[in-house]
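Working through the structure, step by step
One letter stands for each residue in the lines below.
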Amino acid sequence: MGAGVIGYAVAYEMAARGAHVRIVDPRGHGEGATRASAGILAPYIEGHSDALLQLGIASLNQYDNFLARLAADARLDLEYRRTGTLQIALDQDEVRELEAQAGRLARAQVDHSLVSTSDIARLEPGVASDARAGLLVPQHGYVGVSSLMTTLVAAGARRGVTPVVTNVEAVAATAGRVTVTTTDGDVTCDAVIIAAGSWSGGIATAGPPAPVRPVRGQLVQLHASPGALQRVVWGSACYLVPWTNGTVLVGATVEDVGFNERVTQKAVRSLRASGERLAPKLRMATFVEARAGLRPATVDELPIIGPSSTMRGVFYATGHYRNGVLLAPWTASVVADLVLTGTRGEGLDLVRPDRFGL
Ligand SMILES: Cc1cc2nc3c(=O)[nH]c(=O)nc-3n(C[C@H](O)[C@H](O)[C@H](O)COP(=O)(O)OP(=O)(O)OC[C@H]3O[C@@H](n4cnc5c(N)ncnc54)[C@H](O)[C@@H]3O)c2cc1C
């Protein structure tokens, strides 16, 4: 249930292993948080806890293989580059933060380099000339999420994933089967995976609702000259994701506004200003569009993945908050292992649904 990046990755993986899969979403596919996502793959920046870092590294390590399989099944190319991230410090406090982060990476023996102003000018001539220091993490990268979704849908179709456009209202498990109540009638199946992102708590079950809350993020898409930036550039007020065709994504806001998916002028202005502060040449870039999405957040900022402890055949794959694109390959493989063979993959204990009584 839910045809965002998580639901589709799980559906594809299960179908590729021989399951008969239907994917249900009232809005088609990729219209939730996934549509707004910047697609950055950066566990060493976003891994705010040991657990999240562990899952992020595991998923990043699966990315090459996952996308190669998808692209081969879909017969499509997608935008995916592992050109690294360059975090920028614009003042002395930010320099100290980068140095502390570099120390942590050094202790963990992670490849990185702390670079000077002159190195930044050489690596990224588009970045502000008053940048004080930079932290380069070469194994990071990004995937173009629109091309990822197109590829997932095409690869899923080749593997027999059937999309169903309707709303799931309730799920009930009885006598080894699961009944899904949709707006258009009931469907019975062996297993369901609740992957409705921020809306997961709205699906009625015999247990408590999934404790996932929406956190709005807004992002601006610009068009600059191709090659204006070489890699993901990360500042304290925004990040920049340069695609090969000259697209630059500037993200993102973090807002507690409930289920409001609207874009605001204020956020667009502020993101553009932050982007131009980080890379002044973006003043010349043209505005393409702004997007907003609701990140599915949990209180511990870890996803909820695994079996329901009370309903046989019901599984969760939700609550991926800021890292759903990064965590998609790992989520897909552990859920497919669990549902199809009962195997509990490494890391699953960190994200158990029963920590929230589910
Ligand atoms: C601005 C922004 C930038 C981001 N940048 C990054 C990034 O750089 N890297 C990264 O890894 N992550 C990033 N994220 C986070 C990432 O986008 C999310 O973690 C991810 O998209 C979550 O995917 P999902 O499939 O769980 O949810 P969603 O994409 O929200 O999909 C949930 C789906 O469930 C459907 N649904 C709702 N109710 C029902 C129902 N009752 N029945 C059936 N279906 C239902 C919805 O229509 C929707 O399509 C970003 C998010 C935002 C907003």
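Up top is the structure.
Our subject in this report is the structure included herewith.

Cut-offs and rules
Residues numbered from 1 in each chain as written. Predicted model: local features only at pLDDT ≥ 70, side-chain atom pairs only at ≥ 80, totals over all residues. Heavy atoms only, no water. Salt bridge = Lys/Arg side-chain N within 4 Å of Asp/Glu carboxyl O. Helix = DSSP H or I, 4+ residues; strand = E, 2+ residues; numbered from the N terminus. Buried < 20%, exposed > 50% of the residue type's maximum accessible area, 1.4 Å probe, protein only. Expected span 1.5 Å × (residues − 1). Contact = heavy atoms within 4.5 Å. Polar contact = N/O pair within 3.5 Å; in protein donor to acceptor, adjacent residues only side chain to side chain. Axes fitted to C-alpha atoms, helices over the stretch in contact; angles between N-to-C directions. Parallel < 35°, antiparallel > 145°, perpendicular 65-115°, else oblique. Left-handed = near helix turned anticlockwise from the far one by under 90°. Nonpolar A, V, L, I, M, F, W, Y, C, P; charged D, E, K, R; others polar. Core = buried A, V, L, I, M, F, W, Y, C linked by side-chain atoms within 4.5 Å. Near = heavy atom within 4 Å. Areas by Shrake-Rupley, 256 points an atom, 1.4 Å probe, with all protein chains shown as cover. Domains from an automatic or database assignment.

**Some remarks on the pattern of salt bridges**
Summed over all chains, the structure comprises 21 salt bridges. Arg159 is the partner of Asp73 in a salt bridge, and the nearest nitrogen-oxygen pair spans 2.8 Å. Of this pair, Asp73 sits in helix 4 (residues 50-74) while Arg159 sits in the loop between helix 7 (145-158) and strand 8 (162-164), and the two are 86 residues apart along the sequence. Between Glu289 and Arg291 there is a salt bridge whose closest N-O contact spans 2.6 Å. Under the relative-accessibility criterion, Glu289 is labelled partly exposed at 30%.

**A closer look at helix 5 (residues 92-107)**
The terminal C-alpha atoms of helix 5, which comprises 16 residues, lie 23 Å apart, in line with the 22 Å expected from a rise of 1.5 Å per residue. Where helix 5 is buried, its residues meet helix 3 (43-46), strand 4 (85-89), strand 5 (113-115) and strand 6 (133-137). The N-capping residue of helix 5, defined by a side-chain oxygen 3.1 Å from the backbone nitrogen of Asp93, is Asp91.

**As for the packing of helix 1 (residues 5-16) against helix 7**
Contact pair helix 1 / helix 7: the axes reach a minimum separation of 9 Å and the direction vectors enclose 30°. In terms of orientation, helix 1 and helix 7 fall into the roughly parallel class. Where helix 1 crosses over helix 7, the handedness of that crossing is left-handed. On the side of helix 1, the interface is formed by Val5, Tyr8, Ala9 and Tyr12, while helix 7 contributes Leu148, Met149, Leu152, Val153, Ala155 and Gly156. For the contact of helix 1 with helix 7, a count of residues per class yields nine nonpolar, one polar and no charged.

**Considering the environment of Ser147**
The topology assignment puts Ser147 in helix 7. On the accessibility criterion, Ser147 (18% relative accessible area) is buried. If near-sequence neighbours (up to four positions away) are discounted, Ser147 is found in contact with Leu78 and Glu79.

**Structural notes on the nonpolar core**
Core analysis: the biggest nonpolar cluster contains 51 residues, and Leu67, Leu148, Leu152 and Ile193 have the highest contact counts within it. Broken down by secondary-structure element, the contributors of at least two residues to this core are helix 1, helix 4, helix 7, strand 19 (314-318) and helix 9 (324-341). Here this core takes eleven residues from helix 9, the largest share from any one element. Beyond its immediate chain neighbours, meaning those up to four positions away, Leu148 contacts Val5, Tyr63, Leu67, Leu70, Leu78, Val143 and Val325.

**With respect to the site of the ligand**
In the neighbourhood of the ligand, 36 residues make up the surrounding shell, with Asp25, Thr34, Ile40, Tyr321 and Leu326 lying closest. Arg27 is positioned with one of its side-chain polar atoms (N or O) 3.3 Å from an oxygen atom of the ligand. A distance of 2.9 Å separates a nitrogen atom of the ligand from a polar backbone atom of Arg322. Within the complex, 97% of the 1,000 Å² of free accessible area of the ligand lies under protein. Elements with a contribution of two residues or more to the shell around the ligand: helix 1, helix 2 (33-36), strand 17 (286-297) and helix 9. Residues belonging to the shell around the ligand are distributed by class as follows: 19 nonpolar, 13 polar and four charged. Two domains each put at least three residues into the shell around the ligand: domain 1 (5-78 + 144-212 + 299-356) and domain 2 (82-139 + 214-297).

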